[in-house]
Amino acid sequence: MYGLNDQVTVSRFHDIQLSDVYKETNDTTVLTFDVPDELKEEFRFRQGQFLTLRARINGEDVRRSYSLCSSPLDDEWKVAVKEIFDGKFSTYANRELKAGDRLQVAAPSGDFGIDCEAESEAKNYIAFAAGSGITPMLSIIKTHLAQEPHAKFKLFYLNRTVKSIIFKEELEALKNKYFNRLEVFYFLSREHRDIPLFNGRFDQEKLQVLTQTLINAPHTDHAFICGPEEMIFLIRDELVAAGMKKENIHFELFVSGLSEEDKARAAKALEKKVDGVDVTVIDGSKEFHFVLGEDHDNVLDAAIAAGADLPFACKGGVCSTCKCKVREGSVEMKVNYALTEEEVEKGFVLSCVSVPTSKKLVVDYDV
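A brief structural summary. (Residues numbered from 1 in each chain as written. Predicted model: local features only at pLDDT ≥ 70, side-chain atom pairs only at ≥ 80, totals over all residues. Heavy atoms only, no water.)

## Looking at empty space enclosed by the protein
The gaps left among the atoms become clear once a water-sized probe is rolled over them.
No. 1: Taken as a whole and judged by the stated rule, the model has one cavity of 30 Å³ or more.
No. 2: Size it by volume and the largest cavity reaches roughly 40 Å³.
No. 3: Every residue along the wall of the largest cavity is listed here: Phe312, Ala313, Cys314, Lys315, Gly317, Val318, Cys319, Ser320, Thr321, Cys322, Leu350 and Cys352. (1 Å grid on protein atoms, 1.4 Å probe; cavity = no way out; pocket = protein on both sides within 12 Å on 5 of 7 lines; lining within 4 Å. Points joined across faces, edges and corners; volume = space filled by probe spheres on them.)

Structure representation (structure tokens):
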């Protein structure tokens, strides 16, 4: 056990050198990590998973999660970081990092994607991606096509312009390598295409045309979607309406801001907040005790302020890095972009958005 004044150091991050840094587009940089042999087993990953990166930027401890765009078959660990407005880590990665620099990196994590099927299985897959949402898709597509010789993939990829298409050359090379097994359809929102269908964002009308022409929903085994929340749920609902099983539609959310519905839910959760909560955190088979008062509205921030070293990345309820299980007491999550209904029913929560609603709370990270 350790208390409020104990120094807690949990070895989650490893100091790893960048073997290569290059610009994929004007605002996207690809980072390749030179994972040493002694860490390769720990860093083994499944297609669709992400790395959590950590750096001290202007004196601040900044952590962000980025999907691996390399395949686990490549023996490479690569992520693509797209610079976003006021993005602390993305700006740092795009403007300052170079080959030979070192970053703190946590082992791969995440539940997006599925395991590959037996080689004899002839599966039909589809994928939808917007912008940097291509990163986990590239890993998924490369791995399934390599390990399932009879599988076929159709990718529907939305970008602003041709020049902003991330990994276009690699996708074209994959099309040539897996001729007749991989089809890629590019959609542009700010540049005109000759075929009207490929102009503009995904909407209900466009998706209905796709499910009537290019997508045989009842005979599609799995769909993968990565992009903004509104796009994901629109595509999911249209695929289900066209005859696809909802449980076979897998998605990864890229959240840029809270919807009005989310803001209302967060406000409702905060109304239930209890102050002076006696909190116990179980982590690494140890217990950490502190009192959560008025200064913080969620378990993670309060625990870190009290001296705990807990896993986190986005702090927005998206990446699931801070997932833990409520053993005693109760919380109300302000938002939830990462956990399934089944996980929530089993008591799992995201500590970064968990508002305590009982006078005593015990959460367990060792799950």
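## Brief notes about the packing of aromatic side chains
No. 1: The tally for this structure, following the rule as stated, stands at 17 aromatic pairs.
No. 2: On the basis of an interplanar angle of 80° and a centroid distance of 5.3 Å, the ring pair of Phe128 and Phe202 is categorised as edge-to-face. Taken together, the residues Phe128 in strand 7 (residues 124-130) and Phe202 in the loop between strand 9 (182-188) and helix 4 (204-213) connect sequence positions 74 residues apart.
No. 3: Here Phe202 falls in the buried class, since its relative accessible area comes to 7%. (Phe/Tyr/Trp six-rings, centres within 6.5 Å; stacked < 30°, edge-to-face > 60°. Helix = DSSP H or I, 4+ residues; strand = E, 2+ residues; numbered from the N terminus. Buried < 20%, exposed > 50% of the residue type's maximum accessible area, 1.4 Å probe, protein only.)

## As for the layout of surface pockets
No. 1: As a volume, the second largest pocket reaches approximately 490 Å³.
No. 2: Around the second largest pocket sit 21 residues that line it, and Arg12, Ser109, Pro311, Ser320 and Thr321 are the ones nearest its centre.
No. 3: Elements with a minimum of two residues in the lining of the second largest pocket: strand 3 (50-57) and strand 6 (102-109).
No. 4: Top contributing element to the lining of the second largest pocket by residue count: strand 6, with four residues.
No. 5: A class-by-class count of the residues in the lining of the second largest pocket yields nine nonpolar, seven polar and five charged. (Nonpolar A, V, L, I, M, F, W, Y, C, P; charged D, E, K, R; others polar.)

## Focus on the sheet that holds strand 11 (residues 249-253)
No. 1: What the five strands build is an open sheet, ordered 9-8-7-10-11; its pairing is parallel. At either end of the open sheet lies a strand with only one pairing partner, and these are strand 9 and strand 11. Strand-to-strand twist in this sheet, taken as the mean axis angle between neighbours without regard to direction, amounts to 10°.
No. 2: Looking at chain direction, strand 7 and strand 10 (residues 222-227) are connected through five bridges and run parallel. Looking at the pairing, Phe128 lines up with Ile225 of strand 10.
No. 3: Sitting on the sheet, helix 3 (residues 168-177) touches strand 8 (152-159) and strand 9, and the angle it makes with strand 9 is about 150°.
No. 4: The strands that helix 5 (residues 229-241) touches are strand 7, strand 10 and strand 11; relative to strand 10, the one it contacts most, it runs at about 160°. (Pairing = 2+ DSSP bridges. Axes fitted to C-alpha atoms, helices over the stretch in contact; angles between N-to-C directions. Contact = heavy atoms within 4.5 Å.)

## Digging into the nonpolar core
Within soluble globular proteins, side chains that are nonpolar tend to cluster in buried spots.
No. 1: Judged by nonpolar contacts, the single largest core of 53 residues is most densely connected at Phe128, Phe156, Phe202 and Phe290.
No. 2: Formed by 30 residues, the second largest nonpolar core is a distinct cluster that contains Ala127, Ala129, Ala151 and Phe153. (Core = buried A, V, L, I, M, F, W, Y, C linked by side-chain atoms within 4.5 Å.)

## Thoughts on the sheet that holds strand 16 (residues 348-350)
Neighbouring strands of a sheet are bound in pairs by backbone hydrogen bonds; such pairs are parallel or else antiparallel.
No. 1: Taken in spatial order, the five strands make up an open sheet running 13-12-18-14-16, and their pairing is mixed. Of all the strands in the sheet, the pair left with one neighbour each is strand 13 (286-292) and strand 16. Between one strand and the next, the sheet's axes are offset by a mean angle of 35°, whatever the strand orientation.
No. 2: Sheet topology note: the strand 14 (residues 323-328)/strand 18 (residues 360-364) ladder contains three bridges and is antiparallel.

## Digging into the pairing of strand 1 (residues 13-25)
No. 1: Relative to strand 6, strand 1 is paired through five bridges, and the arrangement is antiparallel. In the strand pairing of strand 6, His14 is matched with Val105.
No. 2: Summarising the sheet, strand 1 and strand 2 (residues 28-33) pair through six bridges and their orientation is antiparallel. Counted as the bridge partner of Asp20 is Thr32 from strand 2.

## A word on helix 6 (residues 260-271)
No. 1: An ideal rise of 1.5 Å per residue puts 16 Å on twelve residues; helix 6 measures up with 17 Å between its terminal C-alpha atoms.
No. 2: Restricting attention to buried positions, one finds in helix 6 the residues Asp262, Ala266 and Ala269. Projected onto a plane normal to the axis of helix 6, the buried residues spread over an arc of 60° and lie on a single side. The exposed residues of helix 6 that point more than 90 degrees off its buried face are Glu260, Glu261, Lys268 and Glu271.
No. 3: The secondary structure elements touched by the buried residues of helix 6 are helix 5, strand 15 (331-333) and strand 17 (354-356). (Expected span 1.5 Å × (residues − 1). Arc of directions from axis to C-beta.)

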